Structure formats: C-alpha cells, structure tokens
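What follows is each chain in one-letter form.
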Amino acid sequence: MKPLPAAEVRSRFLNFFIERGHQQMASDSLVPANDPTLLFTGAGMNQFKDMFLGVGALPTKRVTTSQKCLRVPDLDNVGFTARHHTFFEMLGNFSFGDYFKKECIAWEWEFFRDVCGIPEDQMVVTIYEDDDEAFEIWTKDVGLAPEKIFRFGEKENFWPAEAPSKGPNGVCGPCSEIYFDAQPGEPYPNKEGLRDLPDDRFTEIGNCVFTQFDRQDGGELLPLPQKNIDVGLGLERIVAVLQGAKNNFETDLFKPYLDWLGARTGKPYGQDASPAGEQRDIRMRRIADHIRALTFCIADGALPSNEGRGYVVRKILRRAARDGYELGFEQPFLFELVDVVGEVMGAAYPEVCESAAQCRAVIRGEEESFLTVYRQGMARLDEFLAKLEKTAGVANRGSHIAGATTAGTGEFAFQLHDTYGFPIDITEKVMEERGFRLDMDGFEAAMAAQRERARANQGTSEAVFTASVAVKLREAGCAPTTFVGYDRLACPTTVQGLIGEGDALMERIDAGGSGMLVVAATPFYAQGGGQVGDRGTIRSETGEGRIMHTTVLEGFHLHELEVEKGAIEVGQAVTVAVDEPARRATERNHTATHLLHEALKRVLGDHVSQAGSEVAPDRLRFDYTQPEKPTAAQLEQVEDMVNEQVLQATGVQARVQELAAARQSGFVALFGEKYGDEVRTLQVGEFSKELCGGTHVQNTGNIGAFRIVSEAAIAAGTRRLEAVTGLVALQHARTEQRELAGLAQSLKVPPTKVGARVQELNDELKQTRRDLQKAMAPDFEVELAKIQAGAVEHGGVRTAVYSRPGLLSKDLQELMKRAEKAAAPFVGVGLSVLDDAVHVVAVVSKSHTDRLPAGKLVKTVATVVGGGGGGRPEMAQGKGRDASKLDEAVAAAEAAFAEVGLR
C-alpha cells in the first residue's frame with residue numbers, strides 16, 4: 001500500500017467519479033444558507049436535500065463533492081482519541097434517482113482497492129441486518145467472502161440511526177460501511193451477539209447510504225419512487241490508513257500544526273512518553289484540530305459571539321487558547337496558525353487564504369479578550385471556594401480529600417468549564433489544595449447532559465426532509481422569478497403564487513389580508529448582500545396593495561404583500577413598482593459602503609474586511625475586522641477619502657463574468673459570502689473592485705455627501721461603523737448645527753468657542769467638587785468616637801450601625817476600617833447617602849467571619865435600598881438607589897446582628 005498525500009487522495013476521488021459521469025460541485029459553506037434546522041453543515045448531503053426529495057432544480061442526477069463539515073457533539077473527545085474532530089472533510093458521491101446499490105458498491109470498492117491501493121484482505125464491510133440485496137451484491141458482484149460481511153441493526157447500519165423504530169419520519173434507508181482491517185490474517189470477531197466492529201482493529205473509511213424508504217408513523221417503511229445514493233468518505237481517516245499513521249493527527253493534514261507548536265514551545269510533539277508529555281500532545285492535537293475549524297468557520301462568515309453558531313466558534317477558540325496557555329504561550333498565538341491552515345488547505349479551499357487577514361484579526365482579538373475571561377474564571381472559583389470554606393468550617397475541610405466529594409462542586413465546575421472554558425483539571429487541583437474533593441460524577445453528569453443536548457441539536461431534525469415553500473411553488477408549476485430591477489423600477493408581470501399562513505398556497509388575497517406574493521418577473525431587489533429588500537406597490541384590474549419587503553428563496557422572490565383594495569389573484573396580470581426614492585437612497589448607501597470598505601483598508605490596513613453590513617434608505621451600517629479602535633484622525637481620513645471619490649463623480653460599472661476571471665482581475669470576494677460560477681462585479685474607477693449583486697448609483701457623484709455618525713466595538717476584533725449619505729447627511733449636519741447654535745446661545749459665546757467654554761466650565765466643576773469633597777470630608781477622630789459611642793457589646797463582640805450623609809465611598813470604607821481596628825472584635829455597617837446613591841460598607845473582625853461574613857451582611861443591607869454588593873469576608877461594599885429606605889436598612893443590619901447572636 002503506497003502512501004498518498006491528502007491532496008492526492010482528494011483529487012483522485014473527485015476525478016474517479018467525474019470519469020463516471022458525475023458533476024463536481026463546490027463545497028457548500030459551513031454556514032447553511034437556506035436550512036434553519038442546522039447550525040453548521042455536517043454532511044455532504046445537506047446541500048442536496050431537495051434533490052433527494054425529487055424536487056430539486058439541479059440539471060444533473062450525479063454529483064461529487066469534497067465537503068467542509070463541522071460537528072461538535074464529541075468536542076470533549078478531540079485530542080484524546082485517534083479519530084475525533086470538529087472540522088473534517090467528507091468526500092461524497094451522490095445519485096438522485098439514477099444509479100443505486102449495484103453501481104455504488106462496486107465503485108466504492110474499486111476506488112479503495114484500485115485507486116487507493118488498499119489490499120482486499122485489509123477491508124471488511126457491514127450491511128443492515130435485513131439487506132439481502134446488498135449482501136448479494138457484495139458476494140456475487142464484488143466477490144467478497146461472506147465471512148468478511150457483518151450484519152448489524154438499525155443503530156449501526158441505518159440512516160438516520162434507529163429511524164425504523166424511533167424516527168424521524170421521511171426519507172431513510174439502510175447503509176453499508178467499508179472498514180480497514182489493521183490486523184489482516186487474524187480471526188474475525190465472533191458474529192454471534194456482535195453489535196459493532198471493535199475500533200481498536202477496524203477503522204470505518206466509507207459509508208454508502210441507500211435512501212430507498214419513506215418512513216411513516218408507526219415505523220412503516222414505504223418504498224420511494226426515486227431511490228438515491230448518499231456516500232460519505234472521511235478524508236482524514238482514509239489518509240491515516242494510506243500513510244500508515246496510528247492516528248489522524250500524524251498525517252500531512254495535521255503534522256504542520258504539530259511541528260509549528262513543537263518548534264514554538266521547544267518541546268516537539270510525540271517525543272515525551274511521560275504523563276506530562278502525553279498531556280502536552282493531547283493539547284497540541286486539540287489545537288491542530290481547532291485552528292482548522294476556526295479558520296474555516298470565520299472564512300465562511302461564522303464569527304465568535306454569545307449565541308447560536310457564534311457561541312460554538314467562541315467556545316472552540318477559547319478551548320484552543322486555554323490549551324496554548326497551558327503549553328506556555330503567554331501571549332496570543334492561535335492567529336499565527338491561520339497561515340499554516342492556508343499552506344495546508346489553501347489549494348483546495350482558496351477562501352482560507354483570501355480571508356487570512358480577517359481570520360487573523362478576529363482570532364487575535366478573541367484571544368486577547370480571553371485572557372481577561374480566564375482570570376475571571378479564577379476569580380469565580382476563588383469566590384466559590386470561599387463560600388465552601390465558610391460552610392464546611394476550617395476543621396472539617398481536610399476530610400473531603402480522603403472522604404466524600406463536596407456537594408455542588410460538580411455542577412459549579414461544569415458551569416465554569418462551559419462558560420469560561422476553564423480547565424477542569426485546574427479546578428480539581430485548586431479545590432484539592434483548598435481541602436475539597438471535586439464531585440467528578442456531578443461534573444460528568446452535567447457534561448453528559450450537555451452532549452445529549454448538542455446531539456439533539458445536531459441530529460436529523462424532523463424538518464430535514466419536509467417540503468419548503470420553494471418546493472411547494474415548484475410543485476404548483478411556478479418558475480423562478482426573473483429579476484429586472486437593475487434596469488427598471490416598474491414592470492407588468494403575472495401573479496404566479498400567493499402564500500398565506502403556515503406556508504399554505506392561496507388563490508387570492510382580499511383587502512385587509514396579507515401574505516407572500518410570487519410573480520413571474522420583478523424589479524424588486526430581494527434582501528441580500530447586506531442590502532434591504534425593496535418596497536413599493538402592486539396594481540391589478542381587481543385590486544391594489546403595498547409591498548412592504550422582499551426576500552428570495554431558492555430563486556423565488558417573495559414579496560411581503562398587504563392588500564389595500566379589492567383582491568389580488570393568482571394568474572392575473574399586475575403592475576409592480578418599486579418605491580423609487582427609497583431605492584435611490586439605498587443605492588447611494590450601497591455604493592458608499594464599497595467606497596468605505598476600500599478607504600478603511602487603505603487607512604487601517606489590508607486586514608480590514610467586511611464582517612457584516614446593512615444598507616437601507618436612511619443609513620448604512622458596516623461591520624469590519626479591526627483589533628484596535630481607530631483614532632479620530634483615522635476616521636476623518638476615511639471620511640475624506642470617500643468624499644474625494646464622490647466629488648470625482650467616477651462612473652460605476654457593473655457586469656457579469658466568470659468567478660475565476662473576476663478574481664484574476666482583482667475583484668474582491670466579500671468575507672463569508674458564497675458565489676456561483678458566474679458573478680456580478682462592481683468597479684468604481686481604479687479605487688474599488690468587488691463582487692456584488694446589489695443595486696448602485698450610476699456614478700459616485702450621485703451619492704452626495706458622506707458622513708460617519710458612529711463607530712464602536714461590537715465584539716473582540718470586530719467593530720461597527722454607521723454612516724449617512726445624500727439628503728440624510730445634509731439633515732444630520734443641520735441637526736448638529738442647530739444643536740451647536742443652541743449651545744452657543746446658552747453659553748453666550750460664538751459657535752467656534754463652544755468647545756473652549758465647555759472645557760472651562762468642566763474645569764470649574766471639577767474644582768468645585770474637590771472643594772466640596774474637602775469640606776465634606778469627615779473628621780475621622782470625631783466620627784470614630786460617634787461609632788464607638790453607639791456600639792453595642794454582646795458576648796464580647798461590639799456591633800454598630802453608623803449613618804451619615806455626604807460621605808464618599810472611600811471615606812466611609814476608611815472610617816469603618818478604623819472602627820474595626822479600634823474596637824475588635826467588631827462587626828459594623830456604615831451607610832451614607834451621596835449623589836442619589838446609598839453607599840453601604842460592612843466590616844467584620846476576622847475571628848467572626850464564619851458567623852457573619854461581610855459580603856453576606858452588605859448584601860442583606862444593600863438589598864433593602866434597592867441595590868447589591870459583595871467583597872471579602874472581612875470587608876465588603878455595596879450601593880443602592882432608594883434613600884427613602886435608609887431607616888429600614890439600619891433595621892436590617894441590626895436584625896442581621898441579632899440573627900447570629902451578636903445582639
């Protein structure tokens with residue numbers, strides 16, 4: 001068996017099926033475009049769901065792909081096992097009602113045996129327990145010995161797994177898997193009672209799914225009129241087999257990352273067999289996996305955030321960053337590995353090279369913010385353990401190490417691990433050092449519950465094969481909408497379809513009703529590429545209505561219709577017209593967005609890339625990758641650069657051309673966007689060249705004025721800029737001018753002197769506050785005497801509640817600290833109303849923090865005045881806003897003393 005590079009395996013597979021009549025299609029994005037049931041693309045078949053249903057629009061029945069995939073249910077196994085990954089490649093060949101089992105089985109076997117060179121005696125197969133057809137093909141057509149064929153149940157050899165008994169309803173079928181046998185010549189496992197093949201000997205390298213049934217309620221499997229083939233081959237596993245690697249990470253797909261990490265840490269991968277060395281290797285493997293996932297996700301537009309797929313991306317990134325810190329990286333490092341991803345994967349997936357600068361910027365920003373988060377995790381752990389120490393008592397803490405686990409630690413450790421990516425091993429070690437034993441069973445139970453939730457989310461949804469609106473429209477005979485809006489804003493057309501509640505097709509919509517309108521041709525731009533959908537009107541012989549918004553689904557423009565008069569009916573002739581002022585304003589903002597993008601690149605650097613946008617009639621919003629806040633001078637430079645282009649009145653040229661030719665000519669593909677073979681390009685002189693399907697002005701002079709109105713960070717490494725153009729920019733300037741004139745009049749200075757006068761007043765105010773604070777500062781000796789005079793002694797402990805208005809928080813803290821020192825053992829609460837806030841400080845002598853910690857005391861009191869607080873056991877502070885409850889707060893403090901026997 002000759003070792004083959006991964007790139008060669010990928011190429012040979014695709015060519016093998018191209019030679020057998022398959023059309024090669026590009027990998028779908030990791031972010032599914034029209035499938036709300038999926039967070040990420042997890043299989044090659046995802047983009048062909050309609051084809052499997054027999055209602056797709058592809059012109060071919062045979063397709064082959066190398067698909068980017070991401071799965072996260074087994075995230076915690078990555079690095080520990082030989083074959084678990086988040087990101088992976090799935091080689092696939094598909095038949096939509098064309099060939100079936102006979103051809104499929106023969107071709108997969110031929111590929112592995114003849115193209116990959118895997119000896120027949122090192123391969124075995126599995127089939128579904130009742131699939132005698134597959135058994136006959138394997139034995140008679142392929143010539144495989146029966147002892148090399150294993151029959152398994154629906155859990156192992158049916159897709160979706162256990163579909164016959166557990167569902168979901170819909171398209172399903174048996175599957176046949178091909179395994180590599182690492183111990184040829186050894187006796188095969190006893191088939192009696194065998195449920196799956198042992199993975200220490202057998203590695204699955206291919207899965208052929210025969211989608212031949214439609215599952216109904218009760219588990220009834222009805223034959224499909226169209227039988228399909230869905231084959232998935234894991235590239236990483238095949239490469240490991242062909243390169244003789246003991247695990248996927250020791251192949252040319254992963255070694256460059258491990259070599260980089262070894263060189264940077266000074267400890268090469270795989271050279272230290274000690275437990276500490278193996279732990280380092282696990283971390284390196286995990287980083288190698290995660291940087292691939294991160295780069296591909298971000299390149300496809302899935303940016304780190306706190307929800308949805310962005311949350312998954314952030315979680316993966318933080319785990320990899322934490323591994324790096326444990327390996328000794330004290331500064332961000334992951335972003336540097338983006339270039340290694342490009343070197344390894346860029347030839348097959350150019351987007352990782354084209355988006356490299358953006359990926360580096362986003363990842364670096366996230367890494368920098370994680371340093372803070374990591375420290376927050378340690379602070380949370382310290383706070384949690386402090387509470388445990390008070391509860392358990394110093395004398396009893398040591399018993400937890402040798403005896404029972406500490407209740408609640410498992411759930412807390414999981415929250416820390418899940419929220420902050422905090423290492424469980426560090427949590428366990430810190431707890432042990434503080435005299436507690438971590439409840440690992442509780443932690444594992446919480447982890448298991450999370451994995452089950454993840455699997456449920458990643459599993460085949462009941463909606464996977466339900467008919468979409470587009471499918472219903474096609475079945476009703478509707479043709480995809482022809483868009484004519486680049487050249488005109490109104491046109492006669494025909495109503496093809498009307499869609500009501502529940503996606504039901506309707507024959508008419510009467511006055512007062514609403515729904516979605518589909519016409520044969522439309523000038524209405526459908527929301528996409530950041531540009532909002534057009535609005536406008538519709539008229540027919542029988543009715544009139546307003547179109548409030550426009551979207552697109554699989555070639556159909558969906559117009560959000562509200563009928564105002566009469567009725568709109570399917571099949572009738574209508575005239576639809578776009579709201580021209582709104583469209584022209586949107587065009588100004590869209591072209592300005594292109595100019596803005598290029599200006600930001602020229603001023604801030606090539607790492608800048610679009611991370612999202614919204615182009616509407618009244619404004620434009622532009623999200624971009626940038627680690628640091630731009631200076632005011634840089635933003636002025638950007639604004640000037642855009643306005644210079646506007647003043648030049650440069651012609652704006654749009655045309656359709658081949659994607660490859662456009663890229664070769666220097667047109668920029670937008671971050672995270674997916675394009676077809678033909679693209680629309682937009683060129684503004686020699687200043688800006690981008691791919692864009694939106695609508696634009698004829699020349700930059702049509703934009704009018706351009707003004708930046710706000711700029712702020714929205715996430716680590718990502719910032720948002722808002723701007724206005726044309727008449728809106730003029731209105732914005734006039735509003736600012738009126739406000740400035742009003743201020744000038746109030747301050748009795750010319751408009752040009754407002755800034756200087758405000759600074760003078762600010763300086764005066766600061767000085768006045770300093771003078772007031774000095775005047776209000778307490779005479780500590782006098783106030784201390786008041787506290788001592790009001791203190792109550794009980795059981796050898798003095799307690800006091802002290803209240804005085806006008807004290808700064810720092811002065812109140814200092815006063816209470818002196819009171820505790822002078823009267824120890826002492827427990828006291830100080831209150832002061834200042835600037836509409838009630839400041840609360842609690843102090844407790846160390847000898848009595850086990851009875852009443854200062855943090856608990858201050859929360860009790862601050863809650864009464866509508867606030868909260870916290871701090872150390874000996875001293876804590878808080879704040880509330882309801883000064884009318886001051887007397888009640890005093891009473892609450894005294895009650896707290898009494899509750900623990902101090903009064």
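Conventions we followed
- Residues numbered from 1 in each chain as written.
- Predicted model: local features only at pLDDT ≥ 70, side-chain atom pairs only at ≥ 80, totals over all residues.
- Heavy atoms only, no water.
- Helix = DSSP H or I, 4+ residues; strand = E, 2+ residues; numbered from the N terminus.
- Buried < 20%, exposed > 50% of the residue type's maximum accessible area, 1.4 Å probe, protein only.
- Contact = heavy atoms within 4.5 Å.
- Areas by Shrake-Rupley, 256 points an atom, 1.4 Å probe, with all protein chains shown as cover.
- Salt bridge = Lys/Arg side-chain N within 4 Å of Asp/Glu carboxyl O.
- Polar contact = N/O pair within 3.5 Å; in protein donor to acceptor, adjacent residues only side chain to side chain.
- Pairing = 2+ DSSP bridges.
- Axes fitted to C-alpha atoms, helices over the stretch in contact; angles between N-to-C directions.
- Phe/Tyr/Trp six-rings, centres within 6.5 Å; stacked < 30°, edge-to-face > 60°.
- pLDDT = per-residue confidence, 0-100.
- Expected span 1.5 Å × (residues − 1).
- Arc of directions from axis to C-beta.
- Parallel < 35°, antiparallel > 145°, perpendicular 65-115°, else oblique.
- Left-handed = near helix turned anticlockwise from the far one by under 90°.
- Nonpolar A, V, L, I, M, F, W, Y, C, P; charged D, E, K, R; others polar.
- Core = buried A, V, L, I, M, F, W, Y, C linked by side-chain atoms within 4.5 Å.

Asker: Break down the overall build of the chain for me, citing the residues and quoting the values.
Answerer: Helix and strand counts for the chain stand at 28 helices and 32 strands. The C-alpha extent of the chain, read off along each of the three principal axes, is 100 × 75 × 55 Å. Within the span of the chain, comprising 903 residues, buried residues form 50% of the whole. Looking at the chain alone, contacts between residues at least 24 apart form 69% of all its contacts between residues at least 6 apart. Entry remark: accessible area of the chain is about 40400 Å², with carbon and sulfur atoms responsible for 49%.

Asker: Help me get a handle on the pattern of salt bridges, residues and values and all.
Answerer: Any two side chains of opposite charge can pair, so long as their charged atoms come close to each other. Summed over the entire model, instances satisfying the criterion amount to 57 salt bridges. Note that lysine 101 and aspartate 131 form a salt bridge whose closest N and O atoms lie 2.8 Å from each other. Taken as a pair, lysine 101 in helix H3 (residues 101-115) and aspartate 131 in the loop between strand E4 (123-128) and helix H4 (132-141) lie far apart in primary sequence, 30 residues in all. The buried category is assigned to lysine 101, whose relative accessible area is 1%. For aspartate 131, a relative accessible area of 5% gives the class buried.

Asker: Describe the side chain of lysine 68, and please don't skip the residues or the numbers.
Answerer: Within the secondary structure, lysine 68 sits in strand E2 (residues 62-70). The exposure class assigned to lysine 68 is buried, which follows from its relative accessible area of 2%. Looking at lysine 68, its side chain comes within polar contact range of the side chain of glutamate 351, at 2.7 Å. Each residue touching lysine 68, except ones within four places of it in the same chain, is listed here: Ser27, Asp28, Ser29, Leu30, Thr41, Phe87, Phe88, Phe296, Asp300, Tyr349 and Glu351.

Asker: Can you lay out the sheet that holds strand E26 (residues 718-725) for me, pointing to particular residues and giving the numbers?
Answerer: Spatial ordering of the open sheet is given by E20-E21-E26-E25, a layout of four strands whose pairing is antiparallel. Of all strands in the sheet, those bounded by a partner on one side alone are strand E20 (610-615) and strand E25 (706-715). Taken over all neighbouring pairs, the strand axes of this sheet differ in orientation by 15 degrees on average, direction set aside. For strand E21 (residues 620-625) and E26, the ladder comprises six bridges, and the chain directions are antiparallel. What sits directly across from aspartate 623, in E26, is arginine 720. Along the sheet face, helix H20 (residues 580-604) touches E20, E21, E25 and E26 and points at about 25 degrees away from the line of E21.

Asker: Account for the packing of aromatic side chains, naming residues and giving values.
Answerer: Here the structure, examined in full by the defined rule, presents 26 aromatic pairs. With a centroid separation of 6.3 Å and 15 degrees between ring planes, the pair formed by tryptophan 260 and phenylalanine 329 is classed as stacked. Here phenylalanine 329 lies in the loop between helix H10 (308-327) and helix H11 (338-345) and tryptophan 260 lies in helix H8 (residues 255-265), a separation of 69 residues in the sequence. Taken as a pair, tryptophan 260 and phenylalanine 329 share a single burial class, namely buried. Ring geometry for phenylalanine 483 and tyrosine 525: centres 6.1 Å apart, planes at 70 degrees, overall edge-to-face. Of the two residues, phenylalanine 483 is situated in strand E10 (residues 482-483) and tyrosine 525 in the loop between strand E15 (521-522) and strand E16 (536-540); the sequence distance between them amounts to 42 residues. Taking the relative accessible area as the measure of exposure, phenylalanine 483 reaches 22% and is therefore partly exposed. By relative accessible area, tyrosine 525 is classed as buried at 8%. The structure contains a cluster of three or more aromatic residues connected by ring pairs, namely Phe13, Phe16, Phe17, Tyr99, Trp107, Phe111 and Phe112.

Asker: With reference to specific residues and values, describe the sheet that holds strand E30 (residues 837-844).
Answerer: What the six strands build is an open sheet, ordered E27-E28-E29-E30-E32-E31; its pairing is mixed. Here the strands that pair on one side only, and so sit at the sheet edges, are strand E27 (792-794) and strand E31 (868-871). The sheet shows a mean angle of 15 degrees between the axes of neighbouring strands, direction not considered. Here strand E28 (residues 797-803) runs beside strand E29 (residues 826-834); their pairing, made up of six bridges, is parallel. Residue pairing across strands places valine 801 opposite valine 829, the latter belonging to E29. Each of E27, E28 and E29 is contacted by helix H25 (residues 780-790), which is oriented at about 125 degrees to E28, the strand it contacts most. On top of the sheet, helix H26 (residues 809-823) reaches E28, E29, E30 and strand E32 (875-880); it is set at about 160 degrees to E29, its chief contact.

Asker: Report on the confidence of the model for the chain, specifying residues and quantitative values.
Answerer: Taken as a whole, the chain shows an average pLDDT of 90; of its residues, 95% reach a score of 70 or greater. Scored below 50 in pLDDT, residues 394-403 makes 20 contacts in the model with residues more than four places away or belonging to other chains. pLDDT under 50 marks residues 458-467. Its contacts with residues more than four places away, or in other chains, come to 22 contacts.

Asker: Explain helix H28 (residues 886-899) residue by residue, including any values.
Answerer: In this model H28 runs 20 Å from its N-terminal to its C-terminal C-alpha over 14 residues, within 8% of the 20 Å that 1.5 Å per residue would give. Taken together, the buried positions of H28 are Leu886, Ala889, Ala892, Ala893, Ala896 and Phe897. Along the long axis of H28, the arc covered by the buried residues comes to 140 degrees, so they all point the same way. For H28, the exposed residues lying more than 90 degrees away from the buried face are Asp887 and Glu899. Those residues of H28 that are buried lie in contact with E28, E29, E30 and helix H27 (854-864). Immediately beyond the C-terminal end of H28, within one or two residues, lies glycine 901, with a positive phi of roughly 80 degrees.

Asker: Which residues make up the pairing of E21, and what are the values?
Answerer: For E21, the buried fraction is high: six of the six residues fall into the buried class. Both faces of E21 are covered, namely the face carrying Leu620, Phe622 and Tyr624 and the face carrying Arg621, Asp623 and Thr625. Relative to E21, E20 runs antiparallel, the two sharing five bridges. Counterpart to glutamate 614 in the pairing with E21 is arginine 621. Hairpin remark: E20 followed by E21, antiparallel, with four residues in the connecting loop.

Asker: A description of the packing of H25 against H26 should follow, citing residues and the corresponding values.
Answerer: Here H25 crosses H26 at 55 degrees, and the two axes come no closer than 10 Å. Classified by the interaxial angle, the pair formed by H25 and H26 is oblique. Handedness of the H25/H26 crossing: right-handed. For the pair H25 and H26, contact is made by Phe780, Glu781, Glu783, Leu784, Ile787 and Gln788 and by Asp811, Glu814, Leu815, Met816, Arg818, Ala819 and Ala822, respectively. A breakdown of the residues in the contact of H25 with H26 according to their chemical character gives seven nonpolar, one polar and five charged.

Asker: So what's going on with the nonpolar core? Residues and values would help.
Answerer: Across soluble globular proteins, you tend to see nonpolar side chains buried next to one another. Phe112, Trp138, Leu334 and Leu337 are the most contacted members of the largest nonpolar core, which totals 111 residues. By residue number, the principal contributor to this core is helix H13 (residues 356-392), which donates 11 residues. With sequence-adjacent residues up to four places away left out, leucine 334 is seen in contact with Ile287, Ile291, Leu294, Leu317, Ala320, Ala321, Ile363 and Glu367. Leu596, Val608, Val642 and Leu721 belong to the second-largest nonpolar core, a separate cluster that totals 27 residues.

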